[in-house]
Amino acid sequence: RAVWRVPAGCPACGTAPVAEGKYWRCPNPMCEPQRIGRALVLVGQGAFEIEGLGEKQLAQLYAAGLMQGAADVFALDQTPEMRARLLALDRWGAKSVDNLYAELAARRTVPLARFLVALAIPDVGPSTARVLAAHFTSFEALAQASEAELMHVDGVGPEVAAKIVRWLRDPQLSATATRLLELGVVIEAPAARVTEGPFAGQTVVFTGTLEHMGRAEAKQRVEEMGGHVASSVSAKTSILVVGGKPGSKAKKAEELGVRVMLEEEFLKLAGRE
């Protein structure tokens with residue numbers, strides 16, 4: 001029977017791997033595949049959303065020495081020399097460079113939540129980034145937060161808090177944020193938190209399929225109206241919105257005495273009746 005053994009070193013950089021749960025990973029933040037992966041997060045959905053930069057293009061930019069880190073995406077339009085170097089690359093013509101420059105100009109101003117997603121902080125995806133942005137309102141405030149302060153944010157437990165603090169305290173990783181700001185990225189001030197309305201201060205959970213509104217849009221409406229969306233029912237849940245074919249969440253909500261709301265009522269409160 002074949003026996004799998006942990007490699008002595010990362011196949012890309014040779015660094016000894018470390019165990020993380022049931023996985024083994026390379027701990028070297030400067031490992032080339034990791035650098036390309038972080039750049040993919042930065043240009044991807046929920047972050048800066050820059051079209052025209054996929055894995056092949058980013059690998060090409062790294063190989064050509066045009067990027068040293070993910071934030072250097074925003075250095076590509078800084079000088080005439082950089083434009084000339086881009087045009088010298090295979091399959092980069094004037095039109096593709098112009099399109100990239102237009103994307104960079106349009107995406108340089110970004111909400112705090114998207115900025116946080118772009119940094120590729122472990123376990124900070126779009127949902128966690130939104131609650132962090134709403135709680136701290138500025139990157140400076142988040143960067144100074146302790147693990148205890150982070151755990152006051154809904155959905156952030158001790159493990160995630162520790163990972164965020166570790167990332168923010170690592171000079172090699174947190175330099176990405178500094179570099180982005182140096183290259184002209186502007187973090188938009190968050191909109192004022194809604195303090196009145198049907199969902200203000202409420203924690204809402206969805207179960208089942210909504211027929212007249214997608215789950216993503218429904219979640220956005222709740223957050224825009226001052227509420228928070230959680231993934232599971234608990235004693236902190238204020239409202240459970242029930243769609244077609246609800247699961248076990250409905251039974252748990254009944255046991256806990258949580259208010260159950262059908263889709264029709266939810267749509268009226270959300271202004272979509």
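All values reported here derive from a predicted model rather than from experimental measurement.

Draft legend 1. Structural view of the overall build of the chain. Scanning the chain from N- to C-terminus turns up 13 helices and eight strands. C-alpha atoms of the chain, sized along the principal axes, occupy 65 × 55 × 40 Å. Burial statistics for the chain: of 273 residues in total, 39% are counted as buried. Pairs at least 24 apart in sequence give 55% of the contacts found in the chain among residues at least 6 apart. Accessible area for the chain stands at about 15,300 Å²; split by element, carbon and sulfur atoms hold 53% of it. The centroid of the 31 positive side-chain charges in the chain is displaced by 6 Å from the centroid of its 31 negative side-chain charges.

Draft legend 2. Molecular detail of the pattern of salt bridges. With the rule as written, the count across this model stands at 11 salt bridges. In this structure, the salt-bridge partner of Asp-72 is Arg-179, at a minimum N-O distance of 2.8 Å. One end of the pair, Asp-72, is in the loop between helix 2 (55-63) and helix 3 (80-87); the other, Arg-179, is in helix 10 (residues 171-182), and 107 residues separate them in sequence. Asp-72 gets classed as buried once you look at its relative accessible area, which sits at 9%. Its relative accessible area of 32% is what places Arg-179 among the partly exposed residues. Between Arg-83 and Asp-98 there is a salt bridge; the shortest N-O distance is 3.0 Å. Of this pair, Arg-83 sits in helix 3 while Asp-98 sits in helix 4 (residues 94-107), and the two are 15 residues apart along the sequence. Classification of Arg-83 as partly exposed rests on a relative accessible area of 24%.

Draft legend 3. Geometry of the packing of helix 3 against helix 4. In the contact formed by helix 3 and helix 4, the axes pass within 9 Å of each other and the chain directions differ by 130°. In terms of orientation, helix 3 and helix 4 fall into the oblique class. Crossing handedness for the pair helix 3 and helix 4: right-handed. Side by side, helix 3 and helix 4 meet where Met-82, Arg-83, Leu-86 and Leu-87 of the first sit next to Ala-94, Val-97, Asp-98 and Tyr-101 of the second. Each residue belonging to the contact of helix 3 with helix 4 can be placed in one class, and the counts come to six nonpolar, no polar and two charged.

Draft legend 4. Quick look at helix 6 (residues 126-136). The set of residues buried in helix 6 consists of Thr-128, Ala-129, Val-131, Leu-132, Ala-133 and Phe-136. The secondary structure elements touched by the buried residues of helix 6 are helix 5 (112-118), helix 7 (139-143), helix 8 (147-150), helix 9 (158-169) and strand 6 (228-229). Among the residues trailing helix 6, Thr-137 stands out with phi positive, at a value near 65°.

Draft legend 5. View of the sheet that holds strand 6. Strand order across the open sheet formed by four strands is 6-5-7-8, with parallel pairing between neighbours. The sheet is open, and its two edges are formed by strand 6 and strand 8 (259-262), each paired on a single side. Alignment of strand 5 (residues 203-207) against strand 6, held across two bridges, turns out to be parallel. Counted as the bridge partner of Val-204 is Val-229 from strand 6. With respect to the sheet, helix 11 (residues 215-224) is in contact with strand 5 and strand 6, its orientation differing from that of strand 5 by roughly 170°.

Draft legend 6. Representation of the side chain of His-228 within the structure. As for its position among the elements, His-228 is in strand 6. For His-228, a relative accessible area of 17% corresponds to the buried category. In this structure His-228 touches Val-131, Asp-154, Gln-202, Thr-203, Val-204 and Val-222, once residues within four positions along its chain are discounted.

The rules we used
Residues numbered from 1 in each chain as written. Predicted model: local features only at pLDDT ≥ 70, side-chain atom pairs only at ≥ 80, totals over all residues. Heavy atoms only, no water. Helix = DSSP H or I, 4+ residues; strand = E, 2+ residues; numbered from the N terminus. Buried < 20%, exposed > 50% of the residue type's maximum accessible area, 1.4 Å probe, protein only. Contact = heavy atoms within 4.5 Å. Areas by Shrake-Rupley, 256 points an atom, 1.4 Å probe, with all protein chains shown as cover. Lys, Arg positive; Asp, Glu negative; His and termini not counted. Charge placed at Lys NZ, Arg CZ, Asp CG, Glu CD. Salt bridge = Lys/Arg side-chain N within 4 Å of Asp/Glu carboxyl O. Axes fitted to C-alpha atoms, helices over the stretch in contact; angles between N-to-C directions. Parallel < 35°, antiparallel > 145°, perpendicular 65-115°, else oblique. Left-handed = near helix turned anticlockwise from the far one by under 90°. Nonpolar A, V, L, I, M, F, W, Y, C, P; charged D, E, K, R; others polar. Pairing = 2+ DSSP bridges.

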